[in-house]
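What follows is the residue order along each chain.
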Amino acid sequence: MNEQDARHAVEAALGKVAPDVEPGDLDGGARLRQDLELDSLDFLRLVEVIAESTGVDIPEADYPAVATVDGLVTYVARHG
Amino acid sequence: MPSLGADMEHGKVVEWLVKPGDYVHKGDLVAAVDTDKTVMDIESFQEGVVAEFLVDIGDTVDVGTPIARITATPAEVPPPAKVPPPEPEPGTKAPPPVRHLAHTLGVDVGRISGSGPGGEVTRADVERAAATPNTSAAPGAAAGAAPAAAADVPAEGEAHRVRSSPLARRLAVELGVDLQAIAGTGPGGAVTEEDVLAAVPPRERAPKEEIPGGRPPSEGAAEEAAEAPPSEAPVAEPPHKAAGEAPRRGRKDSGSKAETLRQAIGALMSRSKKEIPHYYLSTTLDLAAAMAWMQSANQQRPVSSRLVPSALLLKATALAAKEVPDMNGFFTRGAFQPSGAVHLGVAVALRHGGLVAPALHDADTLTLDELMDQLRDLVGRARAGRLQRAEMADPTLTVTNLGDLGVESVYGVIYPPQVAMVGFGKVLEQPWAHNGMLGIRHTAIATLSADHRVSDGLRGGRFLARIDELLQKPGDL
């Protein structure tokens, strides 16, 4: 998947999980757990939505790689 | 308007989930109610056909105000049940937790003679009344917030009589007016024809039945006896003043939801700190076994059924609570009532600020997978503001888990009338000494805030230690 599509998919998924976050305000370096205030259930839901929309499965071992918005986009682009 | 929590005084219907003519069973969701804290779906405690709505969407009314009428079937609306007319006296006093208890036991506070100071209705009075549902009580209607008398069903052949002339009774039936809700101006409080005519239109009446949200916490057999049987006649309403209970408009309708929620939380927390002598304990949980087990289990699971550490911590807490009942139950009017079931309140942070702590019912009996599913569903609905009455009213013990957001430990403030709150901090890898060797393990700090009127450090310590023990055998959770 190219990065553009990956970014859209990530923004859409975040829109579902954290509806109060404006996609335009999304800083690439924002940490999902701390800065966007996603707790463990939100994060799991995010992983689930990404899997549903892009087919990309993120195993638990790879969670550290997707800790930021950019990290997630890169991961989805690479595996999508 | 059901009581959806010990501190709730009024509520507002924001959506009807049924319409007149619908047939509802006990437990069917009938309305969405906005309290200061959140929107909750409430269920019908009665079976029958929805006859009419008694409040408008957006009206704020006191707890106990009838909001809808359900009749047995449309063809079977019997003549109005016979009860004493309301006496226009000032109301019987009962504090919110007693009213809440009365409500869950299906007892009309307004009908109980209070044995407390100044005629105040006490918890014992309510329980006594619940045990004998057909007893009529001396004082007249509580003007205002008397919860519904689901158990006082006069149609079952008691000795309550509405004094009225036959003409008045016939008029009442023809006009669809509820005799029992009319203050009689005739001799001895009898309802006259003029009273009936003055009582039209029905909207202003306080007629027969409301929808009590009735699922009481498991506090023993009393609630079974007090449950309203599916009766032939509509259940009697506690009589309100003749003018009916006009919905209070404009109360707390201004201001954002977050602000009212904040105020409600603040009031509850202040009360907790004033009334409950808290003591605090903490322990560091050894989560090596639990995390290893969980990670291994998750590798073989699809995303949708992955577990999070919270699920294991919650399950262990629920099981420990079953074994240490001093942590699980309610303290009301000077006495502790342990709960037979463990309904674990889960503190959920709302994204716009504020906290709700709805219940995972019977958490000790759920498998980890069930608990995980229910937890996700509960949290999702809590954030969307669509919780059910039973979820808000029933927690017997609450857990707050701020570890997700990075703090190492959290000492919660107990939600009255509960008697304890468990806190979990962040799961961290820490150095750990074992058998003279140093290694790294996953740990988390578990804390307990508990009510010193009910338990002491020994019991509290036992409870926390048990949580730790249970987490050493994650496969058995």
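Small disclaimer: the values here were computed from a predicted structure and weren't measured. (Residues numbered from 1 in each chain as written. Chains lettered and ligands numbered in written order. Predicted model: local features only at pLDDT ≥ 70, side-chain atom pairs only at ≥ 80, totals over all residues.)

J.: Honestly, the packing of helix H1 (residues 3-17) of chain A against helix H2 (residues 40-54) of chain A in this entry has me stumped. Any pointers?
T.: Helix-helix packing is characterised by the crossing angle of the two axes and by the distance between the axes. Residues and elements named next belong to chain A. Where H1 meets H2, the closest approach of the two axes is 9 Å, and the angle between their N-to-C directions is 135°. Here H2 runs oblique to H1, going by the angle between their axes. Here H1 runs over H2; the crossing is right-handed. Contacts between H1 and H2 involve Ala 9, Ala 12, Ala 13, Leu 14, Lys 16 and Val 17 on the former and, on the latter, Asp 42, Arg 45, Leu 46, Val 49, Ile 50, Ser 53 and Thr 54. Its residues placed into classes, the contact of H1 with H2 shows 8 nonpolar, 2 polar and 3 charged. (Axes fitted to C-alpha atoms, helices over the stretch in contact; angles between N-to-C directions. Helix = DSSP H or I, 4+ residues; strand = E, 2+ residues; numbered from the N terminus. Parallel < 35°, antiparallel > 145°, perpendicular 65-115°, else oblique. Left-handed = near helix turned anticlockwise from the far one by under 90°. Contact = placed C-beta atoms within 7 Å. Nonpolar A, V, L, I, M, F, W, Y, C, P; charged D, E, K, R; others polar.)

J.: Before we go on, may I ask you to explain the nonpolar core in this structure?
T.: Residue and element names in this part refer to chain B. Of all hydrophobic cores here, the largest spans 102 residues; its most connected members are Leu 314, Leu 344 and Val 346. Top contributing element to this core by residue count: helix H8 (residues 309-323), with 8 residues. If near-sequence neighbours (up to four positions away) are discounted, Leu 344 is found in contact with Leu 314, Thr 317, Ala 318, Ala 359, Leu 360, Ala 363, Pro 395, Leu 397 and Val 399. (Core = buried A, V, L, I, M, F, W, Y, C linked by C-beta atoms within 7 Å. Buried ≥ 20, exposed ≤ 12 C-beta atoms within 10 Å, placed from the backbone.)

J.: How should I be thinking about the sheet that holds strand E6 (residues 60-62) of chain B in this particular structure?
T.: Strand pairing in a sheet is mediated by backbone hydrogen bonds. Such pairs are either parallel or antiparallel. Residue and element names in this part refer to chain B. One open sheet holds the 5 strands; their spatial order is E6-E1-E3-E4-E15, and the pairing between them is mixed. With one partner strand each, in any of the chains shown, E6 and strand E15 (387-388) form the two edges of the open sheet. Pairing of strand E1 (residues 10-16) with strand E3 (residues 29-34) involves 4 bridges; the strand directions are antiparallel. Looking across to E3, one finds that Lys 12 is bridged to Asp 34. (Pairing = 2+ DSSP bridges.)

J.: Mind showing me how you'd approach H8(B) here?
T.: Spacing of three or four residues puts side chains on the same side of an α-helix, whose turn is 3.6 residues. Residues and elements named next belong to chain B. With 15 residues, H8 ought to run about 21 Å at 1.5 Å a step, and its terminal C-alpha atoms sit 22 Å apart, in line with that. Most of H8 is tucked away, with 12 of its 15 residues classed as buried. For H8, the complete set of buried residues consists of Pro 309, Ser 310, Ala 311, Leu 312, Leu 313, Leu 314, Lys 315, Ala 316, Thr 317, Ala 318, Ala 320 and Ala 321. (Expected span 1.5 Å × (residues − 1).)

J.: Would you mind showing me how to read the interface of chain A and chain B here?
T.: Opposite the 13 residues of chain A that make contact, chain B presents 16 residues. When grouped by side-chain class, the residues that make up the side of chain A that touches chain B number 5 nonpolar, 2 polar and 6 charged.

J.: I keep staring at the packing of H8(B) against helix H9 (residues 368-384) of chain B and nothing clicks. Help me out?
T.: All names here are of chain B. Running from N to C, H8 and H9 point in directions that differ by 115°, and their axes come no closer than 10 Å. Considering their axes alone, H8 and H9 lie roughly perpendicular with respect to each other. The hand of the H8/H9 crossing is right-handed. From H8, Ser 310, Ala 311, Leu 312, Leu 314 and Lys 315 reach across to H9, where they touch Leu 368, Leu 371, Met 372 and Leu 375. Here the residues of the contact of H8 with H9 are counted per class, giving 7 nonpolar, 1 polar and 1 charged.

J.: Quick question: what am I supposed to make of the sheet that holds strand E5 (residues 48-53) of chain B here?
T.: Residues and elements named next belong to chain B. Here we have 3 strands laid out as an open sheet, ordered E2-E5-E7, and antiparallel in their pairing. Because the sheet does not close on itself, it has two edges, and the strands there are strand E2 (23-24) and strand E7 (68-71). Relative to E5, E2 runs antiparallel, the two being bridged by 2 bridges. Of the residues in E5, the one forming a bridge with Val 24 is Gly 48.

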